[in-house]
Amino acid sequence: MGPPGSRGSTSSARGSFQHLLLFLLFIGPFNCFASYSRATELFYSLNEGLPAGVLIGSLARDLRLPMASGQRPTVPQPPLSFTLASRGLGGQYVRLDNRSGELHTSALEIDREALCMESGGATVFGEAESTSSSSSSSSSLSSESCLLLLDVLVLPQEYFRLVKVKIAIRDVNDNAPHFPVPHIHLSVPENAPVNTRLAIEHPALDPDVGTNGVQTYRLRDNYGVFTLDVEENESGERTPYLIVMGALDRETREEYITVIIAEDGGTPPLVGSATLTIGISDINDNCPQFSDSQLNVTLYGNSSLGTHVATVHAEDLDLGSNAEITYSYSQKVPQLSRDLFHLDETTGAITLSSKIDGDAPRLHRLIILGNGPGCIPAVITVLVTIIKVMMRPPDVVPRFIANEVEGVVYLKELEPINTPIAFFTIKDPDEKYKVNCYLDGDGPFRLSPYKPYNNEYLLETTKPLDYETQQLYEISVVAWNSEGFNVNKIIKIQVLDDNDNSPVFSQQLIELSIEENNVPNAFLTKLHATDADSGERGEVSYFLGPDAPSYFSLDKTTGVLTVATQLDREEKEKYRYTVKAVDSGFPPRESIATVTITVLDKNDNSPRFINKDFSFFVPENFPGFGEIGVISVTDADAGQNGWVALSVLNGSDIFVIDTGKGVLRAKVSLDREQQSSYVLWIEAVDGGDPALSSTAKITILLLDINDNPPLVLFPQSNMSYLLVLPSTLPGSPITEVYAVDKDTGMNAVIAYSIIGRRGPRPESFRIDPKTGNITLEESLMQNDYGLYRLLVKVSDHGYPEPLHSTVMVNLFVNDTVSNESYIESLLRKEPDINIEEKQPQISIEPTHQKMESASCMPTLVALSIISLGSIALVTGMGIYICLRKGKKHHRADENMEVQIPLNGRINLHMLEKKPMEISNI
């Protein structure tokens with residue numbers, strides 16, 4: 001126990017210290033804001049591909065926080081804490097020391113090309129030239145760099161700051177140039193003049209930027225006629241150009257093959273290559289030429305019609321239409337020769353077209369022109385000498401077995417082997433010479449003697465015919481005698497088609513795609529199937545298979561496939577069914593193909609919250625950035641359209657939400673006594689273009705924690721006192737202790753109890769555990785005058801442990817206050833009070849009858865001790881007195897206590913002729 005009066009001094013000092021602490025807390029944030037508000041943004045730069053553990057920068061040093069100054073603070077400071085606000089993409093590549101604020105590279109190596117060019121979450125701003133700077137830095141940022149963005153929280157509250165850290169990733173030459181295609185083809189006309197420039201359509205690509213990108217191109221072999229030049233456009237893209245440096249001639253060389261090499265500007269430089277094929281396109285710079293100027297031919301006068309006389313051929317070194325040659329007779333050729341000899345204008349073949357009369361000239365000069373486009377005709381002379389013959393040629397007499405019309409034999413394809421076509425009788429009209437014969441021409445035919453007859457030959461097939469392979473054959477039966485005279489009998493065989501081929505789809509698997517929400521009857525594709533058969537046997541019709549949904553339709557004739565209704569990807573994403581192609585032959589033949597349709601997603605679904613209203617119950621003083629709850633949201637779309645980003649529309653200065661996981665967090669600890677609930681609106685936005693969104697209401701209710709002890713409002717001081725007149729009747733209210741609790745529920749239910757007493761008869765007073773009213777229990781006697789000190793404990797019913805406060809209630813029992821200084825001296829002394837720890841009992845429904853009986857019990861006990869012989873009489877008198885006191889108690893005014901200034905006095909009105917004086921300090 002301390003000396004008397006020390007408790008009051010200690011209480012006053014404690015109160016002053018509390019006021020000073022509140023003042024420092026009030027001005028502290030403004031002082032910190034003034035000192036550190038300029039350090040809100042930091043820039044760093046580093047090369048890509050660095051190993052783990054490389055120091056990027058020190059946030060504490062660059063923010064000029066006290067721990068980085070090297071000076072020992074005069075006042076102990078709480079330790080600094082650095083925390084990443086979110087573990088986004090940037091947080092994967094760096095490691096932040098929570099105490100020192102140093103940023104190092106993580107184990108995940110930074111690849112600038114993968115990070116920035118694929119837009120995987122990094123932001124391309126430009127490269128900071130300095131290693132670190134504040135938000136006011138004037139460092140310029142180029143357009144070729146990318147930044148990692150980090151949000152770092154600096155704690156505790158004295159140094160709180162949200163620091164935006166931007167880390168510029170510098171490019172290194174770690175990628176070689178590469179061409180998009182391994183072979184590049186370029187066409188140059190052969191008459192291209194020198195210095196002709198031709199752009200190469202597939203320039204090399206290099207993911208690196210700046211000087212590390214593609215800088216120059218060169219040819220491995222330029223053949224002395226080519227070179228390369230590079231042009232750069234306004235956006236910095238470099239395009240190689242092929243320049244012609246010499247004359248070109250396609251007829252000399254029609255193609256040049258070399259290697260084009262792209263080289264970047266790194267140290268050392270990296271290269272990439274592709275094959276460059278330069279084709280020389282033709283122009284009409286050559287004319288037809290005959291190899292000879294004259295051709296001499298002899299012809300027997302008994303030659304049969306169609307006998308081949310000669311063939312002229314001219315050459316043109318050009319290509320395509322520039323090399324097309326036609327043949328014709330010169331105007332100098334007589335009409336008689338023209339009628340006797342036929343000239344094929346395409347092949348240049350000369351054949352005998354009419355019978356040679358005995359009066360016909362024996363020498364024919366045929367001047368033939370070779371005509372080319374835009375050229376002077378080439379000239380050749382064919383001299384035909386006719387030799388007169390006196391004997392007659394052999395006779396060839398056909399007798400057709402197969403169907404024959406005007407010299408054309410018709411055979412069906414797939415006829416069996418050895419199908420007979422015709423008999424031929426070969427004989428000498430003069431019957432002087434032996435006649436032989438053979439078959440001339442290509443085809444699956446043979447001519448063999450038909451025994452036992454002489455001079456009889458059978459023409460038949462040697463294998464089945466195929467209309468799709470060849471439709472027409474032209475063969476000759478040649479007969480000649482021992483004198484050298486011969487006769488040709490030309491036979492044409494036409495193959496007739498049969499339905500032996502099924503339709504064939506150009507693709508057996510037809511893969512299609514269409515965006516959902518298509519217009520009705522939207523075009524999907526046009527099916528195409530071919531049938532090698534001819535006529536109606538080759539006519540193809542198209543049909544849907546039995547597994548095709550009813551809303552797909554296929555035009556029977558054109559093969560156009562359409563869908564009659566709108567498709568919804570969220571309902572069904574893939575369709576797979578068969579289609580048939582059927583020809584018109586008898587019996588018909590068919591083939592089957594498979595159609596797969598992929599429905600592509602459109603952003604036609606807004607994000608949907610599982611609930612439109614979310615409610616979360618969170619205990620107060622919940623730690624900052626703790627998980628309050630998870631907001632579940634879905635989007636029926638796919639890919640980018642189904643990616644959902646969450647954000648807080650209101651209250652974003654207190655609450656944050658994790659976009660990926662939907663976790664709602666509070667940046668700071670929440671105090672229910674400051675605000676008991678929060679209503680937030682969360683917006684979900686998808687990644688479509690245009691984006692769709694939806695909102696949900698979030699209600700956060702703070703659950704009370706017993707973190708506030710009861711606050712005693714009356715009495716206002718442990719040094720105040722109250723005058724109690726000795727004539728005060730038992731059961732009368734003397735004063736009250738009034739306290740409040742900022743908590744709620746059971747945490748705010750207050751109970752009052754007297755845990756310490758001091759005075760002449762301290763048990764004379766009791767306190768109501770629920771209301772805090774202090775009443776007189778027993779009548780005051782002459783010996784009960786003096787100062788009573790009651791130590792009242794005000795306790796709540798909090799869980800897990802109740803909190804309490806104490807207050808000293810001072811009662812001065814006397815008729816008057818004649819010496820206030822004496823009373824005050826008594827109050828300043830430290831009272832010797834034994835602490836009585838009793839759990840206060842609070843009755844839920846207190847009644848007047850219980851209060852009356854309780855106040856009567858001391859009187860009854862006293863009267864029983866004094867009058868042992870008259871117990872019954874004393875008991876009756878006690879009951880009568882108690883009833884009178886109860887009635888007086890009900891009629892008494894409730895406000896019996898008046899607060900007066902220090903050293904003041906006041907005479908109250910007479911209450912039932914019982915005056916009471918009250919003094920309160």
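**Let's talk about the overall build of the chain**
What the chain contains, in helices and strands, is nine helices and 59 strands. The buried share among the 921 residues of the chain stands at 40%. Considering only intrachain contacts with a sequence separation of at least 6, the fraction spanning at least 24 residues in the chain is 67%. Summing over all exposed atoms, the chain offers an accessible surface of approximately 50900 Å²; the carbon and sulfur share of this is 52%.

**Quick notes on the packing of aromatic side chains**
For the structure shown, the criterion picks out 17 aromatic pairs. Between Phe 226 and Tyr 256, the ring centres sit 5.3 Å apart and the planes meet at 80 degrees, which makes this aromatic pair edge-to-face. Of this pair, Phe 226 sits in strand E11 (residues 226–232) while Tyr 256 is found in strand E13 (residues 255–264), placing the two residues 30 residues apart along the sequence. Residues Phe 226 and Tyr 256 agree in their burial class; the two are buried. Their ring planes at 75 degrees and their centres at 5.2 Å tell us that Phe 655 and Tyr 678 sit as a pair that is edge-to-face. In this pair, Phe 655 sits in strand E47 (residues 655–657) while Tyr 678 sits in strand E49 (residues 677–686), placing the two residues 23 residues apart along the sequence. Taken together through their ring pairs, the aromatic side chains of Tyr 551, Phe 552, Tyr 575 and Tyr 577 make up a single cluster. Taking the ring centre of Tyr 241 as reference, the NZ or CZ of Arg 197 above it sits at 5.1 Å.

**Description of a nonpolar patch on the surface**
On the surface, a cluster of nonpolar side chains totalling about 330 Å² of accessible area is made up of Leu 711, Leu 713, Tyr 738 and Val 740. Those elements that place two or more of their residues in the nonpolar patch are strand E51 (711–714) and strand E54 (738–740). Tracing the sequence through the fold places Leu 711 in strand E51. Residue classification places Leu 711 among the partly exposed residues on the basis of a relative accessible area of 48%.

**Points about the pairing of strand E21 (residues 349–352)**
With three bridges joining them, strand E17 (residues 308–311) and E21 adopt antiparallel strand pairing. Counterpart to His 308 in the pairing with E21 is Thr 351. In the sheet, strand E20 (residues 341–343) pairs with E21 via three bridges, with the strands oriented antiparallel. The residue bridging His 342 from the neighbouring strand is Thr 351, located in E21. Hairpin geometry of E20 and E21 is characterised by an intervening segment of five residues between the two adjacent antiparallel strands and by a positive phi of about 80 degrees at Gly 348.

**Points about the nonpolar core**
Soluble globular proteins tend to pack their nonpolar side chains together in the buried interior. Among the nonpolar cores identified, the biggest contains 28 residues, and Leu 59, Phe 82, Leu 103, Val 165 and Ile 167 are the most heavily contacted of them. Listed by contribution, the elements that provide at least two residues to this core are strand E1 (41–47), helix H2 (59–62), strand E3 (81–84), strand E4 (94–96), helix H5 (112–117), strand E6 (146–155) and strand E7 (161–170). For Ile 167, the contacting residues outside a window of four places in its chain are Tyr 44, Leu 46, Ile 56, Val 94, Leu 103, Cys 146, Leu 147, Leu 148 and Leu 150. Counting 26 residues, the second-largest nonpolar core is a separate cluster that includes Leu 299, Leu 340, Leu 366 and Ile 386.

**Some words on the state of the cysteines**
The final tally for this structure, using the stated rule, is one disulfide. The disulfide bridge from Cys 287 ends at Cys 375, spanning 2.3 Å between sulfur atoms. Looking along the S-S bond of the Cys 287-Cys 375 disulfide, the torsion reads about -85 degrees, which is the left-handed sense. In this pair, Cys 287 is assigned in the loop between strand E14 (271–281) and strand E15 (289–290) and Cys 375 in the loop between strand E22 (363–371) and strand E23 (378–387), connecting sequence segments 88 residues apart. Taking the relative accessible area as the measure of exposure, Cys 287 reaches 32% and is therefore partly exposed.

**Some details on the environment of Asp 583**
With respect to the helices and strands, Asp 583 occurs in strand E40 (residues 574–583). Here the alpha-carbon distance between Asp 583 and Val 540, two residues 43 residues apart in the chain, equals 4.4 Å. For Asp 583, the residues in contact, after removing those within four places along its chain, are Asn 499, Asn 501, Pro 503, Asp 531, Asp 533, Arg 537, Glu 539, Val 540, Pro 588 and Arg 589. Polar side-chain contacts of Asp 583 include one of 3.4 Å to the backbone nitrogen of Gly 585. At 2.8 Å, the side chain of Asp 583 and the backbone nitrogen of Arg 589 are in polar contact.

**A short note on the side chain of Ser 732**
Within the secondary structure layout, Ser 732 lies in the loop between strand E52 (721–724) and strand E53 (733–736). Ignoring sequence-local partners within four residues, the contact set of Ser 732 consists of Ile 774, Thr 775 and Leu 776.

**Section: the sheet that holds strand E46 (residues 644–648)**
Spatially, the four strands line up as an open sheet ordered E43-E50-E49-E46, and their pairing is mixed. Unpaired on one side and paired on the other, strand E43 (613–619) and E46 mark the two borders of the sheet. Strand-to-strand twist of the sheet, defined as the mean angle between neighbouring strand axes without regard to direction, takes the value 25 degrees. Taken together, the seven bridges between E43 and strand E50 (residues 693–703) define a ladder with parallel strand orientation. Paired with Phe 617 across the bridge in E50 is Leu 701.

**A short note on the confidence of the model for the chain**
On average, residues of the chain carry a pLDDT of 79, and 81% of them reach 70 or more. pLDDT under 50 marks residues 1–39. Its contacts with residues more than four places away, or in other chains, come to 29 contacts. Note on residues 841–862: pLDDT under 50 across the span, and 22 contacts to partners over four residues away in sequence or across chains.

**A word on the sheet that holds E22**
Ordered by their spatial adjacency, four strands build an open sheet running E16-E23-E22-E19, and the pairing between neighbours is mixed. The sheet terminates laterally at strand E16 (294–300) and strand E19 (326–329), the two strands that pair on one side only. Strand-to-strand twist across the sheet, computed as the mean angle between neighbouring axes with direction ignored, equals 30 degrees. Looking at chain direction, E16 and E23 are connected through seven bridges and run parallel. Within E23, the residue paired with Leu 295 across the bridge is Val 382.

**Comments concerning the environment of Pro 78**
Note that Pro 78 resides in the loop between helix H3 (66–69) and E3. In this structure Pro 78 comes out as partly exposed when scored by relative accessible area, which is 32%. Remark: the alpha-carbon pair of Pro 78 and Tyr 159, spanning 81 residues in sequence, is separated by 9.8 Å.

**Side note on unusual backbone geometry**
Trans is the prevailing form of peptide bonds, just as negative phi is the prevailing case for residues other than glycine. In this structure, the amide linkage connecting Thr 267 to the following residue, Pro 268, adopts the cis form with an omega of -5 degrees. Its place among the elements puts Pro 268 in the loop between E13 and E14. Of the consecutive residues Phe 586 and Pro 587, the connecting peptide bond is found in the cis state with omega at -5 degrees. Among the secondary structure elements, Pro 587 is positioned in the loop between E40 and strand E41 (590–600). In this structure, Arg 64 is a non-glycine residue whose phi angle is positive, near 60 degrees.

**Structural notes on the pattern of salt bridges**
For the structure on display, the rule yields 20 salt bridges. Its salt-bridge partner being Arg 250, residue Glu 251 comes within 3.2 Å of it at the nearest N-O pair. By relative accessible area, which is 24% here, Glu 251 ends up partly exposed. Take Arg 250: its relative accessible area is 6%, and that puts it in the buried class. One salt bridge in this structure joins Asp 282 and Arg 250, with 3.0 Å as the shortest N-O distance. Here Asp 282 is found in the loop between E14 and E15, whereas its partner Arg 250 is found in the loop between strand E12 (238–244) and E13, with 32 residues between them in sequence. Here Asp 282 matches Arg 250 in class, with each residue buried. When salt bridges that share partners are traced, they join Arg 250, Glu 251, Glu 254 and Asp 282 into one network.

**With respect to helix H7 (residues 820–828)**
Where H7 is concerned, the buried positions are Glu 820, Ile 823, Glu 824 and Leu 827. An end-on view of H7 places all buried positions within 100 degrees of arc, on one side of the element. Looking at the buried positions of H7, the neighbouring elements they touch are E52, strand E58 (786–796) and strand E59 (804–813).

**Notes on the environment of Leu 411**
On the secondary structure map, Leu 411 appears in strand E26 (residues 408–412). Among the residues examined, Leu 411 registers a relative accessible area of 5% and is labelled buried. Sequence-wise, Leu 411 and Gln 494 are 83 residues apart; in three dimensions their C-alpha atoms are separated by 6.3 Å. Not counting chain neighbours up to four residues away, the residues in contact with Leu 411 comprise Ala 402, Ile 421, Thr 461, Leu 465, Ile 493, Gln 494, Val 495 and Leu 496.

Definitions and limits used
Residues numbered from 1 in each chain as written. Predicted model: local features only at pLDDT ≥ 70, side-chain atom pairs only at ≥ 80, totals over all residues. Heavy atoms only, no water. Helix = DSSP H or I, 4+ residues; strand = E, 2+ residues; numbered from the N terminus. Buried < 20%, exposed > 50% of the residue type's maximum accessible area, 1.4 Å probe, protein only. Contact = heavy atoms within 4.5 Å. Areas by Shrake-Rupley, 256 points an atom, 1.4 Å probe, with all protein chains shown as cover. Phe/Tyr/Trp six-rings, centres within 6.5 Å; stacked < 30°, edge-to-face > 60°. Lys NZ or Arg CZ within 6 Å of the ring centre and 35° of its normal. Patch = residues over 30% accessible without salt bridge, like charges linked within 9 Å, V, L, I, M, F, W, Y side chains within 5 Å. Salt bridge = Lys/Arg side-chain N within 4 Å of Asp/Glu carboxyl O. Pairing = 2+ DSSP bridges. Core = buried A, V, L, I, M, F, W, Y, C linked by side-chain atoms within 4.5 Å. Disulfide = S-S within 2.5 Å. Polar contact = N/O pair within 3.5 Å; in protein donor to acceptor, adjacent residues only side chain to side chain. Axes fitted to C-alpha atoms, helices over the stretch in contact; angles between N-to-C directions. pLDDT = per-residue confidence, 0-100. Arc of directions from axis to C-beta.

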